[in-house]
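As a plain string of letters, each chain reads:
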Amino acid sequence: MLLKGVQLLRGGLASPPKCYNFRLVCRSLSVQYGDVKTLTPAVREYVDKCVNLCQPDRVHICDGTAAESKLLQGLMLKQGTILPLPKYTNCWLARTNPADVARVESKTFISTERKEETVPVTPNATPGTLGNWISDADLKAAIAERFPGSMKGRTMYVIPFSMGPVGSPLSKIGIEITDSPYVVESMKIMTRAGTPVLDVLQQGDGQFVKCLHSVGTPASGVQAQASWPCDPERTIILHKPAENEIVSYGSGYGGNSLLGKKCFALRIGSTIAKREGWLAEHMLILGITDPKGVKKYITAAFPSACGKTNLAMLNPSLANYKVECVGDDIAWMKFDSQGLLRAINPENGFFGVAPGTSKETNPIAMSTVFKNTIFTNVASTSDGGVYWEGMESSLAPNVQITDWLGNPWTKESGKPAAHPNSRFCTPAAQCPIIDSAWEDPAGVPISAMLFGGRRPAGVPLIYEARDWTHGVFIGAAMRSEATAAAEHKGKVIMHDPFAMRPFFGYNFGDYVAHWLSMEKRGKVPKIFHVNWFRKSDQGKFMWPGYGENSRVLEWVLRRVNGESCYVDSAIGHIPAEGELNLAGMKEQVDVKQLFSLPKDFWTQEVEDIRNYFESQVGADLPASIYAELDKLKARIAEL
Ligand code: GTP
Ligand code: SPV
Ligand code: MN
């Protein structure tokens, strides 16, 4: 793969080196940490450009060492960005500006020459909801309005990082430039960051994704909170796939600022994957071993805050099953020379939702996160620990709680102690069930893919696609209740195709066509749809979820092994009576209700999907997906 932008730079370097500028800048600028000589000419040129634009006081080239972390932790403590959590080992609490707590989808843009490369052409000028396009001129103007001098008085950090194991042929390299030490320390957890990556750049083809990030300063010049500088009013996240370039301004939070994650591994990643014939998806990867010792790998795409981390670390309630974790958020998948689809987790850590994580629901996450972890926007306890909704049973007696805003908190306040999108940022290697192949450069072979979301009504616990095209239709038709991971308000049911709506790097219609084409490239896995979140008329979850989800995975494995444990239904294959293993369940489950297909609901669902496809994707959606919808409609009519 050749990155277009870098190709140009390298072409430029065939003539005399063009790093004079950088040397000039560096003479007057103190490189306070690191060695400029470790940078390749192309990286130097990029750093130089950013220095000229952002005008930092100092440059720090990150080496990724523990000594560097100590230094930056000391600095952040002094600035009040993090607080120590003495109850644990090397754990820290960051409290953001309350206006900077989630991804900002409405301020996220992709720039391509033609608009239709980024977003589907919607009929009758219907406003699109499948991504935001920006012209090159507007992108340049947005940068020019925000970045000049944005790092004045601050240090510019240069983070070399690898998405995927350092040096693996499936991995890709990025350089993130940021003025936030919190971002540096988080990137050192979430990616493989530091000097070894520069060595690979020196020895390899030298290509990297350019990632520029600044927390910015409000137009007024006054920071609302010195400990968490940001500029919420002018926050903008820009992507230029043709140049493999990301520019993010104004937010220090998660996916807005840890640019390896959604910006690189999904948005830019999906455009690279399209070009190169593979898939970059918002999916967890898990390994599951059955009682006979047979191991299979499964991926699952659920929208943000819909259970990927929890499923990836499942503690099976079914005896003699073992689940191991490869990744909890992103999968890069490619067919190997044998035609097997293989997946790697490009990340190195988990940026997981804290609330709801507990000894009861996710004991594996609880034994992962209490060392070497940065917590953001959780509550803290007077004995030097953390607290969030769900942790009630682990709370020591007589401790006082301080909420995520820094105020004293009691349950009686009726407000949440932790922000609903508060998170832990923790090294994946610490997970007690991390899979032995999680860093295998070849990836793990995928046997099944699950799609799912929060569907309080109508959608059964599990159903299976009849074939690949039907499975792609199910992915395209995915819907889920909005969560706190982005700026959406209320519990509205939103369309979230493939759990990728906020993360598509190119036109969703082309994306679906790309998925359909995978069938011709190799042996495609079976596709399923799951829903842990169906509610009874009394508003209670009908399925206990968490560890009990192993029962659903067992049925998936049996189907992968070709067992005929299913019946055909209007929406796909569902477990035949008695074939979903419910033996020994603590909770009584109303299986009939859990799998019921209310005709009114599904008639409306088909109409909603049709409206969505026609108004949002129009003629850009492949005809075979409309044909699947027609087939579904006909079957629902017979209910
Ligand atoms: P992102 O990191 O935003 O992509 O989210 P995620 O998909 O990894 O979601 P996560 O596993 O962090 O779960 C989000 C919330 O859903 C947590 O509060 C969980 O407790 C809850 N949850 C996860 N699995 C289940 C389940 O099986 N049943 C129920 N009822 N809730 C669940
Ligand atoms: C998500 O929202 O899907 C996340 C969190 O995984 S963030 O990194 O903020 O995007
Ligand atoms: Mn996610």
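Residues numbered from 1 in each chain as written. Chains lettered and ligands numbered in written order. Predicted model: local features only at pLDDT ≥ 70, side-chain atom pairs only at ≥ 80, totals over all residues. Heavy atoms only, no water.

**Digging into the pattern of salt bridges**
For clarity, the threshold we go by: One side-chain nitrogen of Lys or Arg within 4 Å of one carboxyl oxygen of Asp or Glu is enough to make a salt bridge. Secondary structure follows DSSP: runs of H or I at least 4 residues long count as helices, runs of E at least 2 residues long count as strands, and numbering of each begins at the N terminus. The buried label goes to any residue with under 20% of its type's maximum accessible area, the exposed label to any with over 50%, and the partly exposed label to all in between, with areas taken from a 1.4 Å probe on protein chains only.
Here the structure, examined in full by the defined rule, presents 37 salt bridges. Note that Lys-240 is salt-bridged to Asp-136, the shortest N-O span being 2.7 Å. Taken together, the residues span a long stretch of sequence, with Lys-240 in strand β10 (residues 236-240) and Asp-136 in helix α6 (residues 136-146) at a distance of 104 residues. Looking at Lys-240, the relative accessible area reads 17%, which means it is buried. Through salt bridges with shared partners, one network takes in Lys-261, Lys-262, Lys-308, Asp-329 and Glu-347.

**Points about the site of ligand 2**
What counts, and what does not: Here a residue is considered near a molecule or strand provided that any single heavy atom belonging to it is located within 4 Å of it. Throughout this description, a polar contact denotes any pair of N or O atoms lying within 3.5 Å of each other; where both atoms belong to protein, one of them has to be capable of donating a hydrogen while the other can accept it, and for residues adjacent in sequence the pair is counted only when both atoms sit in side chains. Only the protein chains shown count as cover for residues, and the accessible areas themselves come from Shrake-Rupley with a 1.4 Å probe. Each residue receives one of three labels: charged for Asp, Glu, Lys and Arg, nonpolar for Ala, Val, Leu, Ile, Met, Phe, Trp, Tyr, Cys and Pro, and polar for the others, Gly being one of them.
Taken together, 13 residues lie near ligand 2, and Arg-103, Gly-255, Lys-261, Lys-262 and Ser-304 sit nearest. Between an oxygen atom of ligand 2 and a main-chain N or O atom of Gly-255, the distance comes to 2.9 Å. In the environment of ligand 2, an oxygen atom lies 2.4 Å from a nitrogen or oxygen atom belonging to the side chain of Lys-262. Considered on its own, ligand 2 offers 290 Å² of accessible surface; in the complex 99% of this is hidden by protein. Looking at the shell around ligand 2, the elements that each hand over two or more residues are α9 (254-257) and α10 (260-276). Considering only residue class, the shell around ligand 2 consists of four nonpolar, four polar and five charged.

**Description of helix α13 (residues 468-476)**
For clarity, the threshold we go by: Pairs of residues are marked as contacts when any of their non-hydrogen atoms sit within 4.5 Å.
Burial within α13 is extensive, with nine of its nine residues counted as buried. When we look at burial in α13, the residues that qualify are Trp-468, Thr-469, His-470, Gly-471, Val-472, Phe-473, Ile-474, Gly-475 and Ala-476. Considering only its buried residues, α13 is in contact with β25 (444-452), β26 (462-464), α14 (508-521), β29 (526-530), α17 (599-617) and α18 (623-637). Where α13 begins, one side-chain oxygen reaches toward the backbone nitrogen of Thr-469, 3.2 Å away; that side chain belongs to Asp-467.

**Focus: the confidence of the model for the chain**
Fine structural detail should not be taken from predicted coordinates in areas where pLDDT scores are low. Going by this rule: Within a predicted model, pLDDT stands for the predictor's per-residue confidence, ranging from 0 to 100.
Model confidence for the chain is summarised by a mean pLDDT of 94, while 95% of its residues fall at 70 or above. When the criterion is pLDDT under 50, residues 1-24 qualifies, and its contacts beyond four places in sequence or with other chains add up to 34 contacts.

**Things to note about the sheet that holds strand β20 (residues 379-381)**
For clarity, the threshold we go by: Paired strands, in this sense, are two strands between which DSSP finds at least two bridges.
Ordered in space as β21-β20-β22-β23, the four strands form an open sheet in which the pairing is antiparallel. At either margin of the open sheet sits one strand with a lone partner, and together these are β21 (386-387) and β23 (408-409). Inspection of the sheet shows β20 paired to β21 by two bridges, in the antiparallel sense. Across the sheet, the residue bridging to Ser-380 is Val-386, located in β21.

**Concerning the coordination of the manganese ion (ligand 3)**
Filter applied, for reference: Donor atoms (N, O, S) are those found within 2.8 Å of the metal centre, with the cutoff raised to 3.2 Å for Na, K and Ca; water is not part of the atom list, so apparent gaps in a site can occur.
Note on the manganese ion (ligand 3): its protein donors are Lys-262 (NZ), His-282 (NE2) and Asp-329 (OD). The metal-donor distances range over 2.1 to 2.4 Å. For the manganese ion (ligand 3), the single-chain donor residues occur in sequence as K-x19-H-x46-D. Of the two residues, Lys-262 sits in helix α10 while His-282 sits in the loop between β12 (279-281) and β13 (284-289), which places them 20 residues apart along the sequence. Relative accessible area serves as the criterion here: at 5%, Lys-262 is assigned to the buried category. Among the residues examined, His-282 registers a relative accessible area of 0% and is labelled buried.

**A word on the site of ligand 1**
Close to ligand 1 lie 22 residues, the nearest being Ala-305, Lys-308, Asn-310, Arg-423 and Tyr-546. Between ligand 1 and the protein, one listed contact pairs an oxygen atom with a side-chain N or O atom of Arg-454 at 2.9 Å. Bound to the protein, ligand 1 loses 93% of the 660 Å² it would expose on its own. The set of elements that each furnish at least two residues to the shell around ligand 1 consists of α11 (308-312) and β18 (349-353). For the shell around ligand 1, the per-class residue count stands at ten nonpolar, eight polar and four charged.

**With respect to the sheet that holds strand β24 (residues 423-427)**
For the record, the criterion: Inter-axis angles, ranging from 0 to 180 degrees, are taken between N-to-C directions of lines fitted to C-alpha atoms, where helices are fitted over the stretch in contact.
If you trace the five strands from one edge of the open sheet to the other, you get β3-β4-β19-β24-β18, paired in mixed fashion. The open sheet is flanked by β3 (82-84) and β18, the only strands paired with a single partner. Along the sheet, successive strands turn relative to each other by an average axial angle of 25 degrees, direction set aside. As defined by bridge partners, strand β19 (residues 374-376) adjoins β24 across three bridges and the pair is classed as antiparallel. Bridging from a neighbouring strand, Ile-374 pairs with Cys-425 of β24. Across the sheet, helix α4 (residues 66-79) touches β3 and β4 (92-94), and the angle it forms with β3 is around 105 degrees.

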